[in-house]
Amino acid sequence: MASEQPLGYRRGTLDDVVPCHELMWLSVTDLGRRQGTPLEGSATDWWPSSEPLHRQLAQIAAEWWVAEETDSSRLVGFARSIERDGLLELTECFVRPDQQSRGAGKALLERAFPAGRGTVRSIVATSDVRAQARYYAAGTVARFPLFTLAGVPGAMEHIRPAMAEPIDGEHAIEAQRAIERTVLGHRRSDDEIRWLLDRRQGHLYRRADRVIGFSFLGRAGAGPMAALEPSDLPAVLLHVEALARTMGLECLELQVPAPNAIAIRHLMGRGYRFDSWINFLMSDRPFGQFDRFIPFGPPLFL
Ligand SMILES: CC(C)(COP(=O)(O)OP(=O)(O)OC[C@H]1O[C@@H](n2cnc3c(N)ncnc32)[C@H](O)[C@@H]1OP(=O)(O)O)[C@@H](O)C(=O)NCCC(=O)NCCS
């Protein structure tokens, strides 16, 4: 039986990292069951691959709020956002299943994803009707689906050559940031790139001395990736697949925006399959060139 105890709201602290992870697991797996797309593994199983990301989000959060029962201090929900280069992204918003639809999500969103902050506010949102209702009320609009395409990394094939080189210094980081600024309209911070590089292999792609794209790939996820021209995405993706093979990855999962037709058709042609769990990119205004961008995975932010 759901309790109706009064709720209090406070900022998240490092002590909340593990309880928030456990609550997210509870909420996400409940959503998976409700939607007929059950997820595998326990919160403990998810922790080793999730921990670095949760700790990083705890560090860099623009806003991180938790809801708890005022009498027992039992955690009821949390919401968190990050802000970079004018882009405010809601990274997580989860309420305990037996406490949903009683207003906690609304109160958390008002604190963690305030109107008027940033030049663009965006969310990688689930298709949960409660989330959709809440996010429309918060001023955002579902722009397009974000698909997860998964497959076995295949062998490199000959394609219009693009030379790959590791992102390994200040100049290379600046080149990545310049491309992301052009494609997405917002750059990651230097610190965020360095955090990514500690966990993922980063590459720039060059043709005739011009940097044309970038990619990141690690064991805990792929992305972000982008190309200045969509026609260069197959070359980028083939390199990422080859890299995944050398890393011994049995499965490569990519978060692909629906407008990115070139990447979707290319991956389908290589045997990749759509996952039945579909997210949406929501934002308060149109932005970015998503026909040439593949966001960070797992799908918490771009
Ligand atoms: C999304 C979530 C955080 C919202 O928190 P919550 O506490 O349930 O949200 P609230 O009670 O504040 O608001 C839910 C709203 O959905 C509305 N709603 C519920 N079902 C609806 C439907 N079928 N159609 C339209 N609106 C609906 C409710 O009426 C309520 O709006 P109101 O307050 O204006 O009446 C929570 O439901 C959750 O954890 N969902 C599962 C995990 C998830 O998908 N999280 C989003 C990650 S991006």
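Residues numbered from 1 in each chain as written. Predicted model: local features only at pLDDT ≥ 70, side-chain atom pairs only at ≥ 80, totals over all residues. Heavy atoms only, no water.

A. Summary view of the overall build of the protein. Helix and strand counts for the protein stand at eight helices and 14 strands. For a compact globule of 302 residues, the expected C-alpha radius of gyration is about 19 Å, and the protein comes in at 19 Å, within 12% of that figure. Projected onto the principal axes, the alpha-carbon positions of the protein cover approximately 65 × 35 × 30 Å. Going through the 302 residues of the protein one by one, you find that 53% of them count as buried. Summarising the internal contacts of the protein: among those between residues at least 6 apart in sequence, 71% fall at separations of at least 24. By element, 52% of the accessible surface of the protein is carried by carbon and sulfur atoms, the whole surface being about 13,300 Å². For the protein, the distance from the average site of its 35 positive side-chain charges to the average site of its 38 negative ones is 4 Å. (Helix = DSSP H or I, 4+ residues; strand = E, 2+ residues; numbered from the N terminus. Rg over C-alpha atoms; globule rule 2.2 N^0.38 Å. Buried < 20%, exposed > 50% of the residue type's maximum accessible area, 1.4 Å probe, protein only. Contact = heavy atoms within 4.5 Å. Areas by Shrake-Rupley, 256 points an atom, 1.4 Å probe, with all protein chains shown as cover. Lys, Arg positive; Asp, Glu negative; His and termini not counted. Charge placed at Lys NZ, Arg CZ, Asp CG, Glu CD.)

B. Focus on the site of the ligand. Among the 22 residues in the neighbourhood of the ligand, the closest are listed as S101, G103, G105, T126 and D128. At 3.2 Å from an oxygen atom of the ligand is found a side-chain nitrogen or oxygen belonging to Q100. One of the side-chain nitrogen or oxygen atoms of D128 is found 2.8 Å away from a nitrogen atom of the ligand. Contact with the protein chains covers 71% of the free accessible surface of the ligand, which is 960 Å². (Near = heavy atom within 4 Å. Polar contact = N/O pair within 3.5 Å; in protein donor to acceptor, adjacent residues only side chain to side chain.)

C. Representation of the domain arrangement of the protein. Looking at the protein, the domain boundaries give domain 1 (7-139) and domain 2 (150-275). Taking the mean C-alpha position of each, domain 1 and domain 2 sit 28 Å from one another. Facing the 10 residues of domain 1 at the interface are nine residues of domain 2. Here domain 1 packs against domain 2, burying approximately 840 Å² in sum over the two surfaces, 54% of which is carbon and sulfur. By the criterion of area lost to domain 2, the three top residues of domain 1 are Q56, R84 and D85, representing 63% of everything that side buries. (Domains from an automatic or database assignment. Buried area = accessible area lost by both parts, 1.4 Å probe.)

D. Representation of the environment of R121. As for its placement among the helices and strands, R121 is situated in strand 5 (residues 120-125). With 67 residues separating them in the primary sequence, R121 and H54 have C-alpha atoms 21 Å apart. Discounting chain neighbours no more than four positions away, the residues touching R121 are L88, F113, P114, A115, G116, A138, T140, M282, S283 and D284. In terms of polar contacts, R121 uses its side chain to reach the backbone carbonyl oxygen of F113, at 3.0 Å. A distance of 3.1 Å separates a polar atom in the side chain of R121 from the backbone oxygen of A138.

E. The arrangement of the pairing of strand 10 (residues 221-227) in detail. Across the seven residues that make up strand 10, a large majority, seven, are buried. Pairing geometry for strand 9 (residues 210-218) and strand 10, over five bridges, is antiparallel. Note that in strand 10 the partner of G213 across the bridge is A227. Between strand 9 and the antiparallel strand that follows it, strand 10, lie two residues. Pairing analysis gives two bridges linking strand 10 to strand 14 (residues 293-294), with the strands arranged antiparallel. Looking across to strand 14, one finds that A226 is bridged to F293. (Pairing = 2+ DSSP bridges.)

F. Fine view of the packing of aromatic side chains. This model, assessed by the stated rule, comprises seven aromatic pairs. Taking the centre distance of 5.0 Å and the plane angle of 55° together, the rings of F144 and F290 count as tilted. Here F290 lies in the loop between strand 13 (279-283) and strand 14 and F144 lies in strand 6 (residues 141-151), a separation of 146 residues in the sequence. Considering the side-chain rings of F287 and F290, the 5.4 Å spacing of their centres and the 90° angle between planes classify their relative orientation as edge-to-face. Of the two residues, F287 and F290, neither departs from the other in class, the shared state being buried. A connected cluster of aromatic rings, assembled from ring pairs, spans F144, F287, F290 and F293. (Phe/Tyr/Trp six-rings, centres within 6.5 Å; stacked < 30°, edge-to-face > 60°.)

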